Amino acid sequence: MIKTAKPDQPALTTEDFLRHPDVTACISQLKNKFGENFENLFISDTLDDYGHQYVNLVQKGGGVLGVSLVGYTYILEQAGIRFLRMAGTSAGAINTSLIVVIGKKEEPKSEKILKHLCDLNFFDLVDGPPVIRWLIRNFITNKKFETNLKEFFDGLLIWLIALVCLDMIMISFRAMEWARILLPVCVALTIIHLIAMGAFILYLNHLFRSLRQSGHGVNPGNFFFEWMKKIMDENGVSTVTALNEKASAIPHLNVRNPATQNADTLAGDITIITSELVSENKVEFPKMANLFRERVDDLHPAHFVRASMSIPIFFESHVIDNIDTSSESIRNAWQEHFGDDQEIPAIARFIDGGMLSNFPINIFYNPRVVEPRLPSWGIDLEDEDPSRQDNKTEIAPWSFTIYLGKLFNTIRYYYDKDFLIKNNVFKKGIGKIPLFEFNWLNFFVSDQEKLKMFIRGAQAACDFLMSFDWPKYQQDRIQMKITLDKSTKTDPIKQPAAAHPA
């Protein structure tokens, strides 16, 4: 495995991350406030017999920025926090899946996940043709590359015009000896230039044809799929059944207020969000795996994560084919999830779940709950500098990359933003990691940049825990339910009856 570090810079180990002074300072700060064993930290009414407190957790998508998610969850685990229900999209789906499949629910996972990331050369995830890898590297790492590329194409055209003009001049003066000598040379240069341009255009046409045939993505994503599959297999999760068993396997749980609460209806699960293009639907895996197979265990769970992280254009859309459209169970599944009018595709094509829901905290919303027994938390990746105003005015020039970024962000944030506007209390459970100086598509990220992102996640988790007020959050959730009940003229339900209430 090729490391991202230079030969004179040894690859970082997990100890370099976990023992970094900025990370250990976060843990010390929390212990100073909440006690050496975090005995004064109260963030949930749900605990196991080991004293771990449980929360629901959603993790936002954001490409390579997902390294910071591991730093965030590492601090939470060090503070004795564990995760009951989990959801994520794209990079968030990766960390979510790894937390679920590695070890038992009561065990810390982030250190093991960090080891996998330390061993991974992120550039291996860019597994397209060499010219594509070269273009992507330069587009991301060279700020002037877009301008240089334009100047290159302008230069080709200018040279062609100049050579043609020179040919015309030589023809006009062909009566002179010097013109007769130079004319064949000029014509030869023009022909060579035209052949080179023609070959270049043919190669571009070949790339675009390949792009269409491969689901409009420049990287197959095969390396990532095999990487995720290997980790899952090593942890005994090779089927959908095994994934569900790992997600739902919880230790014995207790509640702080047994007079008004109980832990009987609590259960763990996992939700991975992706977008299916043929039927134009948001798909939640593994819950909706029965849409595509009669025997869901015929699908490896790595398919779900690969489908969720299929960044449009950057990665090929992920395909699940050979769907038995004549199967009664599959037809019933489509009807149950999407209604009678939904046509069942024989081939499903998935792109990044973030195109429809990049921060699916609504997954944890249960309108039947009055008194929440544990909070629903989210980890938000802030990749835009809030202090910058130059791209927020009408007259500011936007590059093509900025335009595409704004386009994707508008689509992928709207649905989740709408939920948070209508259910404002959930914002109090969201921690934000400021990452505006990092490029979420920079798969050429160095070890030092990985370390910085990990530290940034750890610091954000520390700040969140220092300020989170569980009693206030709980009361605000109760008040929100009462207000909603009054507005809809329904009677509040004191004890939730849903399968997975919070």
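For the structure, see preceding data.
These numbers were taken from a predicted model, which means no experiment stands behind them.

Caption draft 1: Quick peek at the overall build of the chain. Within the chain one finds 15 helices and 12 strands. With 502 residues in all, the chain has 50% of them scored as buried. Accessible area of the chain: about 24,600 Å², with a carbon and sulfur share of 58%.

Caption draft 2: How the structure looks around the packing of aromatic side chains. A complete count under the given rule lists 20 aromatic pairs for this structure. Centroid distance F173 to W178: 6.0 Å. Interplanar angle 35°. Geometry classified as tilted. Looking at F173, the relative accessible area reads 37%, which means it is partly exposed. Residues W377 and F468 carry aromatic rings whose centres are separated by 5.2 Å and whose planes lie at 80° to one another, so their mutual orientation is edge-to-face. With a gap of 91 residues between them, W377 in strand β11 (residues 376–382) and F468 in the loop between α14 (447–467) and α15 (470–488) connect regions that are remote in the sequence.

Caption draft 3: Looking closely at helix α9 (residues 222–234). When the terminal C-alpha atoms of α9 are compared, their 18 Å separation across 13 residues agrees well with the 18 Å that a helix rising 1.5 Å per residue should span. Of the surrounding elements, those touching the buried residues of α9 are α4 (91–101), α5 (110–119) and α11 (302–308).

Caption draft 4: Molecular detail of the pattern of salt bridges. Using the criterion set out here, one finds 15 salt bridges in the structure. The salt bridge involving E15 is made with R19; its shortest N-O contact spans 3.3 Å. E15 sits in the partly exposed class, given a relative accessible area of 38%. Between D476 and K472 there is a salt bridge; the shortest N-O distance is 2.8 Å. Residue D476 and its partner K472 are both found in helix α15; the two are separated by 4 residues, about one turn of the helix. What makes K472 partly exposed here is its relative accessible area of 43%. Salt bridges linked by common partners bring K60, D380 and K432 together as one network.

Caption draft 5: Layout of unusual backbone geometry. For the bond running from F285 to P286, omega is 0°, close enough to zero to count as cis. Positioned with a positive phi, S90 is a non-glycine residue whose angle comes to about 55°. You can see S90 is positioned in the loop between β3 (81–89) and α4. Despite not being glycine, I313 has its phi angle at roughly 75°, a positive value. Structurally, the position occupied by I313 is in strand β8 (residues 313–315).

Caption draft 6: Local environment of the environment of N362. As for its position among the elements, N362 is in the loop between β10 (348–352) and β11. Relative accessible area serves as the criterion here: at 17%, N362 is assigned to the buried category. Here the alpha-carbon distance between N362 and F419, two residues 57 residues apart in the chain, equals 6.7 Å.

Caption draft 7: Broad picture of the nonpolar core. Grouped together as the largest cluster of nonpolar side chains are 118 residues, with contacts concentrated most on I75, I81, F292, W377 and L465. Here this core takes 10 residues from α14, the largest share from any one element. If we skip the residues at most four places from it in the chain, I81 touches L41, I43, Q53, V55, L76, W377 and L465. Counting residues in hydrophobic clusters, the runner-up holds 7 residues, among them Y54, L84, V255 and A263.

Rules of the game
- Residues numbered from 1 in each chain as written.
- Predicted model: local features only at pLDDT ≥ 70, side-chain atom pairs only at ≥ 80, totals over all residues.
- Heavy atoms only, no water.
- Helix = DSSP H or I, 4+ residues; strand = E, 2+ residues; numbered from the N terminus.
- Buried < 20%, exposed > 50% of the residue type's maximum accessible area, 1.4 Å probe, protein only.
- Areas by Shrake-Rupley, 256 points an atom, 1.4 Å probe, with all protein chains shown as cover.
- Phe/Tyr/Trp six-rings, centres within 6.5 Å; stacked < 30°, edge-to-face > 60°.
- Expected span 1.5 Å × (residues − 1).
- Contact = heavy atoms within 4.5 Å.
- Salt bridge = Lys/Arg side-chain N within 4 Å of Asp/Glu carboxyl O.
- Core = buried A, V, L, I, M, F, W, Y, C linked by side-chain atoms within 4.5 Å.

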